[in-house]
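Per-entry structural report
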Amino acid sequence: MVNEKYKELLEQPQRESKTWKAALYIRLSKEDGDKQESYSVTSQREILTEYLRQHPDIEPVDFYIDDGWSGTNFDRPGFQRMMQDIYAGNVNCVIVKDLSRFGRNYTDAGHYLDDVFARLNIRFIALNNSVDSISTSMNAATKCITVGVQNVINESVAATTSVNVKGTLNVSRKQGKFIGSFPTYGYLKDPEDHHKLIIDEEIAPIVRMIYNLFISGKSVIGVTKELNRLGIPNPTAYKKSKGWNYKHTSGKNNDGLWCDSTVRRILSNQMYIGNMVQGKNTTISYKIKQCRAIPKEEWIIVENTHEPIIDKETFDKAQSLFNRNTRTAPKKTEVDLFAGFVKCADCHRAMSKKTNNHSYGTYKYYRCVTSRKMDSDACTPNSIRIDKLEHAVLVTIQTMIDTALELEDLLEKIDLKTSPMSESNLLKKSVEKQIEERDKFKNMMISLYPDWKSGVISQEEYMVLKEGIADKINALDKKINDLQKQLEDYSNGEPKENDFITHFKQYGKIEKLTRPILTELVDSILVHKDGNITINFKFKDAYEQVIEYIEETKQKYLAEIA
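Everything numeric in this text was worked out from a predicted model, so none of it was measured. (Residues numbered from 1 in each chain as written. Predicted model: local features only at pLDDT ≥ 70, side-chain atom pairs only at ≥ 80, totals over all residues. Heavy atoms only, no water.)

Some words on the overall build of the chain
Worth spelling out the cut-off: Starting at the N terminus, helices and strands are each numbered in turn, a helix being any DSSP run of H or I of at least four residues and a strand any DSSP run of E of at least two. Each residue gets one of three labels from its accessible area relative to the maximum for its type: buried under 20%, exposed over 50%, partly exposed in between, using a 1.4 Å probe on protein chains only. In what follows, residue pairs with any heavy atoms lying within 4.5 Å of each other are defined as contacts. All accessible areas in this document rest on Shrake-Rupley with a 1.4 Å probe, and a residue is counted as covered only by the protein chains that are shown.
Looking only at helices and strands, the chain has 18 helices and 17 strands in total. For the chain, the residues scored as buried account for 40% of the 562 residues in total. The contacts of the chain with a sequence gap of at least 6 include a subset with a gap of at least 24, amounting to 68%. When the accessible surface of the chain is split by element, carbon and sulfur atoms take 50% of a total near 31700 Å².

Following this line, the structure appears as structure tokens:
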């Protein structure tokens, strides 16, 4: 639309023109299908030049070209430069090949042609539409209708084309083809197929370093500071250093420094495990090019489309840490050892770290603050000293490692590793057990509704119970899918080691507790009123599978010798 500073010009009397000084306007869009030769910049230039040869009374001022710009808005640089020359009085005639080159937005095109150009006495010529604003061959009403109808048609073409282009792009996205202008940081477009990605060997080590730093205990801010300390250019600066015509979406000046939001995006991006993630943003409409975010559940994700930079296990560890309360003090870059792991056994909320100063010394502890933040009866102020907590967790993990090693020895003795069929049978029984458990919860879900309607439980109780049962069903569905995947591996001749044994035995005889160990092995630590703790370890299902298999083997052996 019209810039505010030019509004006064439109209120002045119409300018008298003795000589026509023409702006020759050319537009070619890369997104509305105008790629055929008849609409090319060269073709338009030749057509306009030929028209000038036949009309010596028109003096050309300049060509104003927007190559690669949509006609649905009028913020194009060439168009705006032309308007500045019009307002300055340097141009009083605009010539285009046809009305669609001028624009495909009916409202804005009409505003310029019927209001701005009319007020400033600007002659407008659209060659293929036989439109000349000073022509006397048609009356004003007919001319207005002709131009208006053609503009509506042009806008309709733009709208239809926009829908078709989006549909075509979504088909490509669902096929796992990369359709972005610039590849994700850490990847390059395959020179032989720009719809495929290959690893950028120069950048991949930086991506791996970001994940390793985060998992080893650094906060997001700590990772950011380390990248800046090492002088590593951020993704925007790197793309520009490669000569790519990359514009940062925030529009801010980029100083090459990393920010925490960029690190977070990298740490949560499935592209790094080989999954193609697209369709995260869209334009508001074919007229308004402003982007808006699409809900995560509507993203188009296709798995295993390119070589991963990060393995799935490392990626899952990073996501697990994101879901924890891992805030750090302003001047710290390292996350506390137990941050996000310690919870109250009664209210299951994260416990707060406190410091106690006494005459005999200072010690730190975790304390439940629910009763202080809410009602005094909301929870009990459970607490535990951090040094005691660290010792208890270390000893327990050492015991679990010893257990894993003993189980591995026992399994070797009963020849589990060379008997895939036995393990397969065990997995089948585990699947059956989980399905039976899931069916039990589904029946509970079905019985809830009659209980609510008959008044046995209140609506509030119904909603709480329903949500809790739904969570259990979803968790069991995931377990069943994981077990079935393991069964599939066995049927394909790819037996897999037990997850519990594999993950615990790798640490051997540890003497010190570290955050990477906690991240890999521990799900949560519950602190009870008496200061005792419950450690919820990961790979619980795998542990139960081993114990169940050993017990079954034992019973079978006793039956054989009886």
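And the narrative resumes.
What to know about the packing of helix α7 (residues 204-215) against helix α8 (residues 220-229)
In a pair of packed helices, the angle between the axes and the distance between the axes together describe the arrangement. Here is the rule: Geometry is summarised by axes, namely lines fitted to C-alpha atoms with helices restricted to the contacting stretch, and by angles between N-to-C directions that run from 0 to 180 degrees. Here the word oblique covers every angle except those under 35 degrees (roughly parallel), over 145 (roughly antiparallel) and from 65 to 115 (roughly perpendicular). The crossing is said to be left-handed when, going from far helix to near helix, the turn is anticlockwise and less than a right angle, and right-handed when the turn is clockwise. Three categories are distinguished: nonpolar for Ala, Val, Leu, Ile, Met, Phe, Trp, Tyr, Cys and Pro, charged for Asp, Glu, Lys and Arg, and polar for the others, with Gly belonging to the last.
Contact pair α7 / α8: the axes reach a minimum separation of 9 Å and the direction vectors enclose 140°. It follows that α7 is oblique to α8 by the angle criterion. The element α7 and its partner α8 pack so that their crossing is right-handed. Contacts between α7 and α8 involve Ile206, Met209, Ile210, Leu213 and Phe214 from the former and Val220, Val223, Glu226 and Leu227 from the latter. By residue class, the composition of the contact of α7 with α8 is eight nonpolar, no polar and one charged.

Re the nonpolar core
How we decide: Nonpolar cores are built from buried Ala, Val, Leu, Ile, Met, Phe, Trp, Tyr and Cys residues. Side-chain atoms within 4.5 Å join them into one set.
Membership of the largest hydrophobic core comes to 37 residues, with the highest contact counts inside it found for Phe338, Val393, Ile397 and Val522. Looking at which element gives the most residues to this core, the answer is helix α13 (residues 386-413), with ten residues. If near-sequence neighbours (up to four positions away) are discounted, Val393 is found in contact with Phe338, Leu513, Leu518, Ile525, Ile533 and Ile535.

Remarks on the sheet that holds strand β4 (residues 123-126)
Rules: DSSP bridges decide pairing: two strands pair if at least two such bridges lie between them.
An order of β2-β1-β3-β4-β5 is seen for the five strands of this open sheet, with the pairing classed as mixed. Two strands close off the open sheet at either side, each with one partner strand: β2 (58-67) and β5 (131-132). Two elements, strand β1 (residues 20-28) and strand β3 (residues 93-96), share three bridges in a ladder whose sense is parallel. Bridging from a neighbouring strand, Leu24 pairs with Ile95 of β3. Seen against the sheet, helix α3 (residues 77-87) touches β1, β2 and β3 and runs at an angle of roughly 150° to β2.

Regarding the pairing of strand β17 (residues 533-537)
Sheet analysis places strand β16 (residues 522-527) next to β17, joined by five bridges and oriented antiparallel. What sits directly across from Ser524, in β17, is Asn536. Adjacent in sequence and paired antiparallel, β16 and β17 are bridged by five residues, among which Gly531 carries a positive phi angle near 90°.

Brief notes about unusual backbone geometry
A positive phi angle, close to 60°, is found at Asn121, a residue other than glycine. Judged by its relative accessible area of 23%, Asn121 is partly exposed. Here His348, not a glycine, exhibits a phi torsion of approximately 60°, which is positive. Inspection of the secondary structure puts His348 in the loop between β12 (342-344) and β13 (352-358). In this structure His348 comes out as partly exposed when scored by relative accessible area, which is 47%.

Re the packing of α7 against helix α10 (residues 260-267)
It is the contact of α7 with α10, at a shortest axis distance of 10 Å, that shows an interaxial angle of 95°. If you check the angle between α7 and α10, you find them roughly perpendicular. Contact with α7, carried on its side by Val207, Ile210, Tyr211 and Phe214, involves Val263, Ile266 and Leu267 of α10 and no other residues of that element. Residues of the contact of α7 with α10, tallied by class, amount to seven nonpolar, no polar and no charged.

Re the confidence of the model for the chain
Where we set the bar: As a per-residue measure, pLDDT tells how confident the predictor is, with possible values from 0 to 100.
The predicted model of the chain has a mean per-residue pLDDT of 79, with 78% of residues at 70 or higher. Mean pLDDT values for the elements of the chain range from 52 in helix α6 (residues 140-174) up to 94 in β3. Note that residues 32-38 has pLDDT below 50 and, in this model, 14 contacts with residues that lie over four places away or in other chains. Under a pLDDT of 50 for its full length, residues 138-143 has, in the predicted model, six contacts with residues more than four places off or in other chains.

Considerations on the pattern of salt bridges
Selection rule: We define a salt bridge as a side-chain nitrogen of Lys or Arg found within 4 Å of a carboxyl oxygen belonging to Asp or Glu.
Applying the stated criterion to the full structure yields 18 salt bridges. The shortest N-O distance in the salt bridge between Lys312 and Asp316 comes to 2.9 Å. Pair noted here: Lys312 and Asp316 are both in helix α11 (residues 312-322), with a separation of four residues, about one helical turn. Using a relative accessible area of 49% as the deciding quantity, one classes Lys312 as partly exposed.

Quick word on α7
To keep things clear, this is the line we draw: Here the expected span of a helix is defined as 1.5 Å times the quantity of residues minus one.
With twelve residues, α7 ought to run about 16 Å at 1.5 Å a step, and its terminal C-alpha atoms sit 17 Å apart, in line with that. Inspection of α7 places Ala204, Ile206, Val207, Ile210, Tyr211, Leu213, Phe214 and Ile215 among the buried residues, and these make up the whole buried set. Buried residues belonging to α7 abut β7 (193-199), α8, α10, α11 and α17 (515-521). Gly217 occupies a position one or two residues after α7 and carries a positive phi of about 130°.

Overview of the environment of Leu407
When you line up the elements, Leu407 lands in helix α13. The buried category is assigned to Leu407, whose relative accessible area is 8%. For Leu407 and Tyr543, which are 136 residues apart along the polypeptide, the C-alpha to C-alpha distance reads 9.5 Å. Residues in contact with Leu407, not counting those within four places in the same chain, are Phe500, Ile501, Tyr543, Val546, Ile547 and Ile550.

A few points about the environment of Phe537
Along the chain, Phe537 falls in strand β17. Under the relative-accessibility criterion, Phe537 is labelled buried at 16%. Excluding anything up to four places from it in sequence, Phe537 contacts Thr396, Ile397, Met400, Phe504, Leu521, Val522 and Asp523.

Topic: the sheet that holds β16
Strand pairing in a sheet is mediated by backbone hydrogen bonds. Such pairs are either parallel or antiparallel. The strand order across the open sheet built from three strands is β12-β16-β17, with neighbouring strands paired in mixed fashion. What marks the edges here is a single partner per strand, and that holds for β12 and β17. Averaged over all pairs of adjacent strands, the angle between their axes in this sheet comes to 30°, without regard to strand direction. Here α13 sits on the sheet and contacts β12, β16 and β17; the angle it forms with β17, its principal contact strand, is near 45°.

What about the state of the cysteines?
In plain terms, the rule: In this description, the term disulfide denotes a pair of cysteine sulfurs within 2.5 Å.
Inspection of every chain in the model, using the stated rule, returns zero disulfides. In this structure Cys379 is a free cysteine whose sulfur lies 3.5 Å from that of Cys344, the closest cysteine sulfur available.

A word on α10
As a reminder, the rule being used: Relevant arc is that of directions from the helix axis to the C-beta atoms, nothing else.
Of the positions making up α10, those classed as buried are Thr262, Val263, Ile266 and Leu267. Taken around the axis of α10, the buried residues stretch over an arc of 135°, which confines them to a single face. Those residues of α10 that are buried are in contact with α7, α8, α9 (235-241) and α11.

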